[in-house]
Amino acid sequence: MKYLLDITGLTVSYYTDIGRAIALNQVDLKLKQGEKLGLVGESGSGKSTMGLAMMRMIKPPGKVEGGSVVIGGVEMLQLSDKEMLKKRLSTISYIPQGAMNSLNPVLKIKRQMIDAYKAHYPNHKLDQVLQLAHEAMTSVELPEHVLEMHPHELSGGMKQRVCIAIGILLRPQIIIADEPTSALDVVTQRQVIETLNRVQQKIGSALILIGHDMGLMAQSMDKVAVMYAGEIVEINDVQTIFTNPKHPYTQALISSLPRLQNRGEFRGIPGMAPSLYRLPNGCRFHPRCNQQQPQCQTTSPHKSVFEDEKYVTCHLYEAS
Ligand code: SF4
């Protein structure tokens, strides 16, 4: 099996009083064991929906409407709820946005780790669980006495590391970290990302890092997937994304990054991302695109696939 993760045609909509919002539209993504992918895009582009859909954690009024999420040859979307519960943490783990606020304030860290473990293996001996909890704490470079502490006794960075420790307790094959460094100062941000990288290497899992910070992506990821209005518009290796971006939106994102040579000058992307309730016909980026072609307003572009399942979704790259 070449790919650990194989997502095809994943489609998610939210049904609200004002209509259907297509949050993910026919998304494809493949990842090999141990690979690190950065998932970037503006707020509302579908990054978190993607993580939640992979975990089967989309709640009403959201609905997975189509597609396939295969991990290690197993179709996640076909599993029963009970089977899926077992897969969470053991096969795929999601560290949500603001994870540090998801810790239970009245329970010691040790109790929270034991509960997470016992939900999967209720019959395992406590000694065994504690041994794994100690190992997880060591992996994230927290002293063992933190297990005896309550969340309010820890700093933001320490709480985030505890969340990573819980996320890796069962050595999942895929870790999804959703903006794990938001609300942390820059020094702690770097430490948390280094921790994630080290842990990922140690247990050999694939890592999907969701975020806005292109600098963090450049430093630590193998590949980057760029999302726009519910679609992945480009996936490429990290170097190509930064030095030779293909999609006009990726190009605009990269050229909007501050650089030393154009100090004081900020180049934004004109216009706004469309509402997911009222998406434009044709290419979703066409109202903002400076390389628009006649067919862009009427026809959705197809994926143009390069080697190793990297692709761009734009008419400019379609074979004529
Ligand atoms: Fe621009 Fe057309 Fe490509 Fe869309 S398909 S990004 S509008 S050139």
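Remember, predicted model here, so these are calculated numbers, not experimental data.

Participant: Help me understand the overall build of the protein in this model?
Facilitator: Helices and strands together make up the secondary structure of the protein, namely 9 helices and 12 strands. Overall, the protein is about 65 × 50 × 40 Å in size when its C-alpha atoms are taken along their principal axes. Within the protein, the fraction of its 320 residues that count as buried is 51%. Taking the intrachain contacts of the protein between residues at least 6 apart in sequence as the baseline, contacts between residues at least 24 apart amount to 65%. Across the protein, the centroid of the 34 positively charged side chains sits 2 Å from that of the 30 negatively charged ones.

Participant: Teacher, can you tell me more about the sheet that holds strand 9 (residues 223-228) here?
Facilitator: Strand pairs in the sheet, formed through backbone hydrogen bonds, run parallel or antiparallel to each other. Taken in spatial order, the 8 strands line up as 6-7-8-3-9-10-12-11 in an open sheet, and their pairing is mixed. The open sheet terminates on both sides in strands that have one partner only, identified here as strand 6 (92-95) and strand 11 (303-305). Neighbouring strand axes in the sheet, compared pairwise and without regard to direction, differ in orientation by 20° on average. Where strand 11 meets strand 12 (residues 311-313), 3 bridges bridge the pair, whose relative direction is antiparallel. Within the sheet, the bridge partner assigned to S304 lies in strand 12 and is V312. Against the sheet, helix 6 (residues 186-203) makes contact with strand 3 (36-40), strand 6, strand 7 (174-178) and strand 8 (206-210), and its axis sits at roughly 160° relative to strand 8, the strand it touches most.

Participant: Mind showing me how you'd approach the packing of aromatic side chains here?
Facilitator: Any aromatic ring pair is given by two values, namely how distant the centres are and how the planes are angled relative to each other. Applying the stated criterion to the full structure yields 4 aromatic pairs. Pairing Y228 with Y249 gives two aromatic rings, centres 4.7 Å apart and planes at 55°, and the pair type is tilted. Separated by 21 residues along the polypeptide, Y228 in strand 9 and Y249 in helix 9 (residues 248-255) bring together distant segments of the chain. The exposure class of Y228 is buried, given its relative accessible area of 3%.

Participant: Looking at this model, I keep getting lost on helix 1 (residues 47-54). Mind explaining?
Facilitator: An α-helix turns once per 3.6 residues; consequently, residues spaced three or four apart project the same way. Counting buried positions along helix 1 yields 6 of 8 residues, so the element is predominantly enclosed. All of the buried residues along helix 1 are K47, T49, M50, G51, A53 and M54. At the C-terminal side of helix 1, R56 shows a positive phi close to 55°.

Participant: When you look at the side chain of N197 in this model, what are you seeing that I'm missing?
Facilitator: Residue placement: N197 occurs in helix 6. For N197, a relative accessible area of 14% corresponds to the buried category. Within polar-contact distance, the side chain of N197 engages the side chain of K36 at 3.1 Å. If near-sequence neighbours (up to four positions away) are discounted, N197 is found in contact with K36, L207, S220 and M221.

Participant: Is there a simple way to think about the packing of helix 4 (residues 126-139) against helix 5 (residues 156-168) in this case?
Facilitator: Two measures define how a pair of helices packs: the angle their axes make with one another and the distance between the axes. Contact geometry of helix 4 with helix 5 gives a least axis separation of 9 Å together with a crossing angle of 130°. Considering the angle they form, helix 4 stands oblique to helix 5. In this structure, the crossing between helix 4 and helix 5 has a hand that is right-handed. Between helix 4 and helix 5, the contacting residues are A136, M137 and S139 on the first element and V162, A165 and I168 on the second. Of the residues that constitute the contact of helix 4 with helix 5, the class distribution is 5 nonpolar, 1 polar and no charged.

Participant: How should the nonpolar core be read in this particular structure?
Facilitator: Across soluble globular proteins, nonpolar side chains have a tendency to be buried as a group. Counting 64 residues, the largest nonpolar core has I109, M113, M137, V162 and L196 as its most contacted members. With near-sequence residues (within four places) excluded, M137 lies in contact with I109, M113, L142, V146, L147, V162 and A165. Grouped together as the second largest cluster of nonpolar side chains are 33 residues, I7, L24, A53 and I235 included.

What counts and what doesn't
- Residues numbered from 1 in each chain as written.
- Predicted model: local features only at pLDDT ≥ 70, side-chain atom pairs only at ≥ 80, totals over all residues.
- Heavy atoms only, no water.
- Helix = DSSP H or I, 4+ residues; strand = E, 2+ residues; numbered from the N terminus.
- Buried < 20%, exposed > 50% of the residue type's maximum accessible area, 1.4 Å probe, protein only.
- Contact = heavy atoms within 4.5 Å.
- Lys, Arg positive; Asp, Glu negative; His and termini not counted.
- Charge placed at Lys NZ, Arg CZ, Asp CG, Glu CD.
- Pairing = 2+ DSSP bridges.
- Axes fitted to C-alpha atoms, helices over the stretch in contact; angles between N-to-C directions.
- Phe/Tyr/Trp six-rings, centres within 6.5 Å; stacked < 30°, edge-to-face > 60°.
- Polar contact = N/O pair within 3.5 Å; in protein donor to acceptor, adjacent residues only side chain to side chain.
- Parallel < 35°, antiparallel > 145°, perpendicular 65-115°, else oblique.
- Left-handed = near helix turned anticlockwise from the far one by under 90°.
- Nonpolar A, V, L, I, M, F, W, Y, C, P; charged D, E, K, R; others polar.
- Core = buried A, V, L, I, M, F, W, Y, C linked by side-chain atoms within 4.5 Å.

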